Amino acid sequence: MASISLIPLKLFDKETSIPFVKYRVFAIGSSIAMWIASFILVATMGLNFGIDFRGGTLIELRTQGAADLGTIRSAVGALGLGDAQVQEFGEPTDVLVRIARQTAPNASSVELEQLQQAAVDRVKTALNAALGEVEYRRVEVVGPKVSGELVRGGALAVLLSLAMMMLYIWFRFEWQFGVGAMISTAHDVVITLGVFALFQLEFNLAIIAALLTIVGYSVNDTVVTYDRIRENLRKYKKMPLEELVDKSINATLARTIMTGGSTLVALLGLYIFGGEVIRGFTFAMIFGVVVGTYSSVYIAAPLLLYTGVKRDWANVDGKTLKGAP
Amino acid sequence: MLHFPRWKLTAVILVCALGVLAALPNFLPASVRGSIPAPLPSQAVSLGLDLQGGAHLLLEVDGEGLYRERLLNALDDVREAFLRPEDGGTRITHRRSIDESAGIINVRINDPGDAERAEKALRRLAQPQGLSILGGTEPAHFTVTRRDDSHFALSLTDDYKRQLLRQAVTQSVEVVRRRIDELGTKETTVAPQGDNRVLVQVPGIADTSRLKALIGQTAKLSFQMVDDTIRVSDPQTLLDEATRRRLEPDDGSTRFLPSKDGYTPYEAVRTKIDVSGESLKAATQGFDALTGEPVVNIRFDTTGARKFGEITGANVGKRFAIVLDDVVLSAPRINEPIPSGAAQISGSFTVESANNLAILLRSGSLPAKLAVLEERTVGPEMGADSIAAGKVATIIGGSLVVVFMVVAYGLFGVFAVIGLVFNLALIIGILSALQATLTLPGIAGIVLTMGMAVDANVLINERIREELRAGKTALNALEAGYSRAIATILDANITTLLAGLVMFQLGAGPVRGFAVTLSIGILTSMFTAVVLTQLMVSIWYRLKRPKTIPI
């Protein structure tokens, strides 16, 4: 180790001084535009809910030669099971068949669940007849009860995590920081949903996990910036807030880019080599890391300028320091 | 910075060594793993179904069906209680009926004079005497409402319903476990979930049809006499009668059941169960001596054999029905009394269906229907592919992070990388030791953790750079870098940990696996990135005493 002198590539040798705060109007403006666009996309195009949330059946199969989607489509369509989607999945031999949730009027809850199972059996029989040798890689059937629970659980999870983050940051810093963090993190979630609606990527339980990770990562990023702001607020009591926030963002920029870079690089490995099953999940996280980094720099910090912050972090009115390390 | 107390040093080295030891079994072939001596960890990571291949089924006990069944049984109890009243008086004539949708039994007394005695009898029925297991009094089974002078209504109490459900779940778990064990797979999980669900996980099977067939049948076997008073020659009239009887509230003495014996579509069968499947001692699949057809041979226990002997002795020449789950399998004529307690069930069986029935009878009947709420099955090839993909992604993702760190921070990048390696070992070690389940998203969690773990190092290194730029000496810069960064690292990691916690609580299956590895990874990364690298830096500093920091 002594003979090899490792010279690091110093990307950030000097402290940068990019006037982030000056561009805040533009940044926040474009952020609001993206929010609106995302809402419109989700409302019009809708999210492509997977069977986790809609109920139904998912069958991933592998055929001997390249799959003939037409044959599969007609075989499944002939069963009259309602909406059925057939698509290629990664390899030309891999096919994903999705059957909508089966319903029946006046059926008891037990019968409704049994309907899903009956549908799977019929599909498998039809496919075996039409295709001969078929390898069933994966079969997932979600009945109405569980899908309802997963929808509630998923939405609750995201909302709960946002609330918890806000409370934690409120506790460690101040309410303005909490609000700023929550808005910038909610921004990340909303925009990711918009992208999923735009490209109609499958939105299932794994994506909820990705969203929660994005929340965690984005807040992680935001906290680092806030921490520096808090430190500077103590150090430079007389500096105007705009300049202070700018200085703080620039100081942490190196770390933000580096960590973002390292995380992205790891996720890229996952995206390319991790297989088709988690590709949507990995994509969501990659996108989330990028957006999360953007929001911490351009939104979370400048928002403080609108809400204002307590300048004097020493004993004020006999109150002790909040969140002192 | 230079002061690294001996105890701290040994503690850090110990933790790292334990981590590596715990992770080691995963890289050894199974045969070697078995021969690792006792106190050393020898378990590899527990693979989730999406990596092993196997079936995951979430079943729900049909509570409504359970209550309905109990109510039907209560009809019989009412008949008994009025036929031979406990107060010793004469029989109380009445009419009883069941309103299934409302869950009520209606009892109408013929003679208003009997009303008092009837009410007493019903209340005795509703409140069983005696103590419950825990010593308190048993909760009431039924509520008895007096509608008017001669009309009573009985319904199940909520407490009793809960008790029934709980017992049903426990019993279902046992029965399902016995049935699945017959399939011969190892390491199956059958566990209660919530207050009315059962989770079944069977690793290694790809085709779930046999599994679902075994679980889907309640398998309630009973022997009941055929009601010969009903004589209908025309099949259509029989069908109409059957439909009519089934739609009207049942008075309980005779029911029409669909028949699979091939002679008639329906059989009129007395509801009184003469012998039930609970009296079975053995059930095996065999072949009929004459026809060679597959059949199921059964044997009753002593009580059952005696009852069977009595029934067959008293009813020679009449037909009795073998009923499975309210479907008549066959209704043979009794030619002679059968005191031996052995019988043969024949019908249109294949070898497999006869074998399945034998398995079902051996394992006992389910207290209520089990509905499959959710199924997730992964084939074994898919599982192997996922593991391979996971391995490749981890190696490549990890390598990219390594290159990134070394290029960006030089020597300190190398320290970070060594910390990363031990981080990985610790994660795998903890997963193996806890036997927590590793899923494909879990592997993604490990890769993600590697990317995020270096965040702590980045924070520290950037801080050191800043302090150096501000003009601090080498040693001071190192110390300031570490101490200033720690508060930030803590805050930042706790938020990600909170997200992991929410995910764990509200997620399911594979998503939970992701939350587990992410959370474990954050904790271990805080250890390796901060404590371990600090140790390395202090050792390096003491050895080299550099004037400048190559960062």
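Residues numbered from 1 in each chain as written. Chains lettered and ligands numbered in written order. Predicted model: local features only at pLDDT ≥ 70, side-chain atom pairs only at ≥ 80, totals over all residues. Heavy atoms only, no water.

Enquirer: Could you clarify how one ought to interpret the overall build of chain A in this entry?
Expert: Each helix and strand counted, chain A has nine helices and six strands in total. Viewed in the frame of its principal axes, chain A has a C-alpha envelope of about 80 × 60 × 35 Å. Burial statistics for chain A: of 325 residues in total, 53% are counted as buried. Considering only residue pairs separated by 6 or more positions, chain A has 77% of its internal contacts joining residues 24 or more positions apart. Accessible surface, chain A as shown: approximately 14000 Å² in total, 63% of it carbon and sulfur. Averaged over its 29 positive side-chain charges, chain A has a centre that lies 10 Å from the centre of its 28 negative ones. (Helix = DSSP H or I, 4+ residues; strand = E, 2+ residues; numbered from the N terminus. Buried < 20%, exposed > 50% of the residue type's maximum accessible area, 1.4 Å probe, protein only. Contact = heavy atoms within 4.5 Å. Areas by Shrake-Rupley, 256 points an atom, 1.4 Å probe, with all protein chains shown as cover. Lys, Arg positive; Asp, Glu negative; His and termini not counted. Charge placed at Lys NZ, Arg CZ, Asp CG, Glu CD.)

Enquirer: Can you walk me through the pattern of salt bridges in this structure?
Expert: Pairing of side chains with opposite charge becomes possible as their charged atoms draw close. In the structure shown here, the tally under the stated rule is 36 salt bridges over all chains. A salt bridge links Glu466(B) to Arg228(A), with the nearest nitrogen and oxygen atoms 2.8 Å apart. With Glu466(B) in helix 12 (residues 440-469) and Arg228(A) in helix 7 (residues 205-235), this pair bridges two chains. Assessed through its relative accessible area of 17%, Glu466(B) is described here as buried. In this structure, the salt-bridge partner of Glu231(A) is Arg484(B), at a minimum N-O distance of 3.9 Å. Here Glu231(A), found in helix 7, pairs with Arg484(B), found in helix 13 (residues 474-506), and the two come from separate chains. Residue class for Glu231(A) comes out buried when judged on its relative accessible area of 16%. Residues joined by salt bridges that share partners form a network here, namely Asp52(A), Glu60(A), Arg62(A), Asp94(A), Glu135(A), Arg137(A), Arg138(A), Glu140(A), Glu374(B), Arg376(B) and Asp385(B). (Salt bridge = Lys/Arg side-chain N within 4 Å of Asp/Glu carboxyl O.)

Enquirer: Any chance you could explain a nonpolar patch on the surface here in plain terms?
Expert: Residue and element names in this part refer to chain B. On the surface, Leu14, Leu18, Val20, Leu21, Leu24, Phe27 and Leu40 cluster together into a nonpolar patch covering about 640 Å² of accessible area. Among the secondary structure elements, phenylalanine 27 is positioned in the loop between helix 1 (6-23) and helix 2 (30-34). Overall, the relative accessible area of 61% leaves phenylalanine 27 in the exposed class. (Patch = residues over 30% accessible without salt bridge, like charges linked within 9 Å, V, L, I, M, F, W, Y side chains within 5 Å.)

Enquirer: Mind showing me how you'd approach helix 13 of chain B here?
Expert: Counting along an α-helix, one turn takes 3.6 residues, and residues three or four places apart therefore face a common direction. Along its 33 residues, helix 13 of chain B runs 48 Å from first to last C-alpha, staying within 8% of the 48 Å computed at 1.5 Å per residue. Along its length, helix 13 of chain B shows its largest kink, about 30 degrees, at Ile486(B). (Expected span 1.5 Å × (residues − 1). Bend = angle between axes of the 7 residues up to and from the residue.)

Enquirer: Where do I start with the sheet that holds strand 3 (residues 94-99) of chain B in this structure?
Expert: By way of backbone hydrogen bonds, the strands of a sheet pair with one another, either parallel or antiparallel. Residues and elements named next belong to chain B. In space, the four strands of this open sheet follow the order 3-4-6-5, with antiparallel pairing throughout. Only two strands of the sheet have a single neighbouring strand rather than two, namely strand 3 and strand 5 (142-148). Sheet twist, expressed as the average angle between the axes of neighbouring strands with direction ignored, equals 20 degrees. Note that strand 4 (residues 104-109) and strand 6 (residues 151-156) share four bridges and pair antiparallel. Bridge pairing in strand 6 places arginine 108 opposite histidine 151. (Pairing = 2+ DSSP bridges. Axes fitted to C-alpha atoms, helices over the stretch in contact; angles between N-to-C directions.)

Enquirer: Just checking my understanding: could you explain the confidence of the model for chain A for this structure?
Expert: For residues with low pLDDT, the predicted coordinates do not support detailed interpretation. The predicted model of chain A has a mean per-residue pLDDT of 83, with 91% of residues at 70 or higher. Every residue in residues 314-325 of chain A is under pLDDT 50, and counting partners more than four places away or in other chains gives 18 contacts. (pLDDT = per-residue confidence, 0-100.)

Enquirer: Would you mind going over the interface of chain B and chain A with me for this structure?
Expert: Often, the extent of an interface is quoted as the loss of accessible area on bringing the components together. Counting from both sides, the interface comprises 72 residues of chain B and, opposite them, 78 residues of chain A. Buried surface at the junction of chain B and chain A, both sides included, amounts to about 6300 Å², of which 65% is carbon and sulfur. Ranking the residues of chain B by area buried against chain A places Arg376(B), Met382(B) and Asp491(B) at the top, with a combined share of 9%. Of the charged contacts, one joins Asp385(B) and Arg137(A) as a salt bridge, the two residues approaching to 2.9 Å between their closest N and O atoms. Secondary structure elements with two or more residues in the side of chain B that touches chain A: strand 2 (54-61), strand 18 (370-378), helix 11 (380-434), helix 12, helix 13 and helix 14 (510-544) of chain B. Here the side of chain B that touches chain A takes 19 residues from helix 11 of chain B, the largest share from any one element. (Buried area = accessible area lost by both parts, 1.4 Å probe.)

Enquirer: What am I meant to see in the pairing of strand 2 (residues 56-63) of chain A here?
Expert: The two faces of the sheet receive side chains in turn, since in a regular strand these alternate between them. Residue and element names in this part refer to chain A. Burial of strand 2 is extensive: seven of the eight residues sit out of reach of the surface. Bridge analysis of strand 2 against strand 5 (residues 134-142) gives eight bridges, and the strand direction is antiparallel. Directly across from threonine 57, in strand 5, lies its bridge partner valine 141. Sheet topology note: the strand 2/strand 4 (residues 91-99) ladder contains six bridges and is antiparallel. By the bridge assignment for strand 4, isoleucine 59 is matched with valine 97.

Enquirer: What exactly am I supposed to notice about the pairing of strand 8 (residues 197-203) of chain B here?
Expert: All names here are of chain B. With six of seven residues buried, strand 8 lies mostly within the body of the structure. In terms of strand pairing, strand 2 meets strand 8 through seven bridges, oriented antiparallel. Along strand 8, the bridge assignment pairs leucine 58 with leucine 199. Turn length for the strand 7 (residues 189-193)-strand 8 hairpin, with the two strands adjacent in sequence and antiparallel, is three residues, and the turn residue glycine 194 shows positive phi of about 65 degrees.

Enquirer: Would you take a moment to explain the environment of Leu233(A) for this structure?
Expert: Residue and element names in this part refer to chain A. Note on placement: leucine 233 falls in helix 7. You can call leucine 233 buried: its relative accessible area is 0%. Counting along the chain gives 77 residues from leucine 233 to lysine 310, while the straight-line C-alpha distance between them is 8.6 Å.

Enquirer: Even after reading the chapter, I still don't get unusual backbone geometry, so can you show me in this structure?
Expert: Phi at Gln200(A) takes a positive value of approximately 50 degrees, unusual for a residue other than glycine. Here Gln200(A) shows up in the loop between helix 6 (175-199) and strand 6 (202-203). On the accessibility criterion, Gln200(A) (32% relative accessible area) is partly exposed. Even without glycine at this site, Ala219(B) takes up a positive phi of about 65 degrees. For Ala219(B), a relative accessible area of 4% gives the class buried.

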